[in-house]
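Report on the structure
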Amino acid sequence: MPYTGTINKYAKYLSVAENTPVISIQEGQTPLVPAPHIASACGVDGLKVYFKIEGLNPTGSFKDRGMTMAVSKAVEKGATRIICASTGNTSASAAAFAARARGLGYDMDCYVIIPAGYVALGKLSQAMIYGAKVIQIEGNFDAALNIVKELCDQYPIELVNSLNPYRIEGQKTSAYEICDELGDAPDYLCIPVGNAGNITAYWAGFSDYQGASKKPKMYGFQAAGAAPIVDGAPVEKPETVGTAIRIGNPASWKQAEAARDQSGGLIDKVTDDEMLAAYRMIHQDEGYACEPASAASVAGLIKSAQAGKIEPGSTVVCVLTGNGLKDPKVAMEQSDMASAEKVYQADSFEIAQALGLKAAPVQQ
Ligand SMILES: *Cc1c(COP(=O)(O)O)cnc(C)c1O
């Protein structure tokens, strides 16, 4: 059978009926790949590490898994407008699913409220070309979310942030895919934490999956400059290079703590330097890509392993939440800019010198 998206694949776990209109852009079915270099960098005997490459969803992040549910259910109840606050990926996804709904003949407008200056260009351009109405505000994500909540109280608009329970429900499907593919749940699930919807969703998914012998310990990681759950208080001015987790007052705070406690896991923080070191390692030593915030999962795994918090012989899945092409500015900054900026004459001798090439000894 051809693949038709996460709702059709996992309908038995989701609040959908025969007559629910399925708005899908073929989200899900993302690769689960071994990460041998990261496994050895952890220095734990017999460790198996996998990346779940969520950046290979159609709009380049896991948000598509939640959005297919949120928008399908919005259409089912007759809504014609959706709105979200976003650090970028939610808006890209909402805009794409609204477009898909329109393509299937439904009226659907998408409004997006974003913090000015803090949305990576790749993400902003997506929301725009998919046809959303984009409003930038002075203020951070938390302020944008407050505005969205007020608008939804006053006007007939569907909120599609992760406060929408269908978003979290849809995002469970990644846990199902991981269990299907490994034949069981992993021992640890390492994941970045921003608004904390995704860690909540994975825990719910591992909890209701039928056929696994165990559930993973949930290891969530916030950025040190935006670590309200770790520090125990909302952060007024969150700051981090991982803009997707630059959130000071997570909507699913309590649920994330419950996932941590029920699974025997932890929520810790990683510095931007640790995140960027992991970000370079994922690209340069594994050949996979992600955006900076996604690397918090790998930075957190390495930190936890070094602190003796990963058991030998275990299986770990790190969720790479967003696509590497979303934030080319950080990618350039983390690379050898000096060599890329100089322009050479089209002369093979000069270029051989620039590359440090030496002629091979002549074969007799
Ligand atoms: C949304 C997002 C996160 C944070 O997920 P939450 O559910 O808000 O905790 C992390 N990484 C990327 C790439 C995201 O788009």
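Before reading further, recall that the structure is shown in the block above.
Here the structure is a predicted model, which means the values were calculated and not measured.

1. Quick notes on the sheet that holds strand β6 (residues 158-159)
The strand order β5-β4-β3-β6 describes an open sheet built from four strands, whose pairing is parallel. Across the chains shown, the open sheet's two edge strands, defined by having one partner strand only, are β5 (133-137) and β6. Pairing of strand β3 (residues 81-85) with β6 involves two bridges; the strand directions are parallel. Each bridged residue has a counterpart across the sheet, and for I82 the counterpart in β6 is E158.

2. Structural notes on the pattern of salt bridges
Should the charged atoms of two oppositely charged side chains come close, the side chains can pair. Applying the stated criterion to the full structure yields 13 salt bridges. Close ionic contact of D187 with K214 constitutes a salt bridge, the shortest N to O distance being 3.0 Å. On the criterion of sequence distance, the pair formed by D187 in the loop between α8 (173-182) and β7 (188-192) and K214 in the loop between α9 (197-208) and β8 (217-223) is long-range, its members being 27 residues apart. For D187, a relative accessible area of 23% corresponds to the partly exposed category.

3. Let's talk about the site of the ligand
Within the structure, the ligand sits among 15 residues, and K63, N89, G194, N195 and T321 are positioned closest to it. One of the side-chain N or O atoms of N89 is found 2.7 Å from an oxygen atom in the ligand. In the complex, the protein chains occlude 96% of the 380 Å² of accessible area that the ligand would expose alone. Taken together, the residues of the shell around the ligand break down into five nonpolar, eight polar and two charged.

4. Some points on the sheet that holds strand β9 (residues 266-270)
Within the open sheet, the six strands sit side by side as β1-β2-β10-β7-β8-β9. Their pairing is mixed. Strands with a single pairing partner mark the edges of an open sheet, and in this sheet they are β1 (32-34) and β9. Strand-to-strand twist in this sheet, taken as the mean axis angle between neighbours without regard to direction, amounts to 25 degrees. Pairing of β7 with strand β10 (residues 315-320) involves three bridges; the strand directions are parallel.

5. A few points about the side chain of S93
Considering the arrangement of structural elements, one finds S93 in helix α4 (residues 89-103). For S93, a relative accessible area of 0% translates into the label buried. Each residue touching S93, except ones within four places of it in the same chain, is listed here: T59, K63, D64 and M67.

6. Structural notes on the state of the cysteines
The tally for this structure, following the rule as stated, stands at zero disulfides. The closest cysteine sulfur to the non-disulfide-bonded C179 is located on C190, 15 Å from its own sulfur. Looking at C179, the relative accessible area reads 1%, which means it is buried. The thiol of C290 is not disulfide-bonded; the next cysteine sulfur, from C318, is found 10 Å away.

7. Describing the packing of aromatic side chains
Scanning the model with the defined rule gives eight aromatic pairs in all. With a centroid separation of 5.2 Å and 50 degrees between ring planes, the pair formed by Y10 and Y176 is classed as tilted. Of this pair, Y10 sits in the loop between α1 (6-9) and β1 while Y176 sits in helix α8, and the two are 166 residues apart along the sequence. Residue Y10 shares its accessibility class with Y176, and that shared class is buried. Put simply, the rings of Y10, Y13, Y176 and Y209 touch in pairs and so form one group of aromatic residues. The aromatic ring of Y118 is capped on one face by R246, whose charged end is 3.4 Å from the ring centroid.

Thresholds, definitions, all that
Residues numbered from 1 in each chain as written. Predicted model: local features only at pLDDT ≥ 70, side-chain atom pairs only at ≥ 80, totals over all residues. Heavy atoms only, no water. Pairing = 2+ DSSP bridges. Helix = DSSP H or I, 4+ residues; strand = E, 2+ residues; numbered from the N terminus. Salt bridge = Lys/Arg side-chain N within 4 Å of Asp/Glu carboxyl O. Buried < 20%, exposed > 50% of the residue type's maximum accessible area, 1.4 Å probe, protein only. Near = heavy atom within 4 Å. Polar contact = N/O pair within 3.5 Å; in protein donor to acceptor, adjacent residues only side chain to side chain. Areas by Shrake-Rupley, 256 points an atom, 1.4 Å probe, with all protein chains shown as cover. Nonpolar A, V, L, I, M, F, W, Y, C, P; charged D, E, K, R; others polar. Axes fitted to C-alpha atoms, helices over the stretch in contact; angles between N-to-C directions. Contact = heavy atoms within 4.5 Å. Disulfide = S-S within 2.5 Å. Phe/Tyr/Trp six-rings, centres within 6.5 Å; stacked < 30°, edge-to-face > 60°. Lys NZ or Arg CZ within 6 Å of the ring centre and 35° of its normal.

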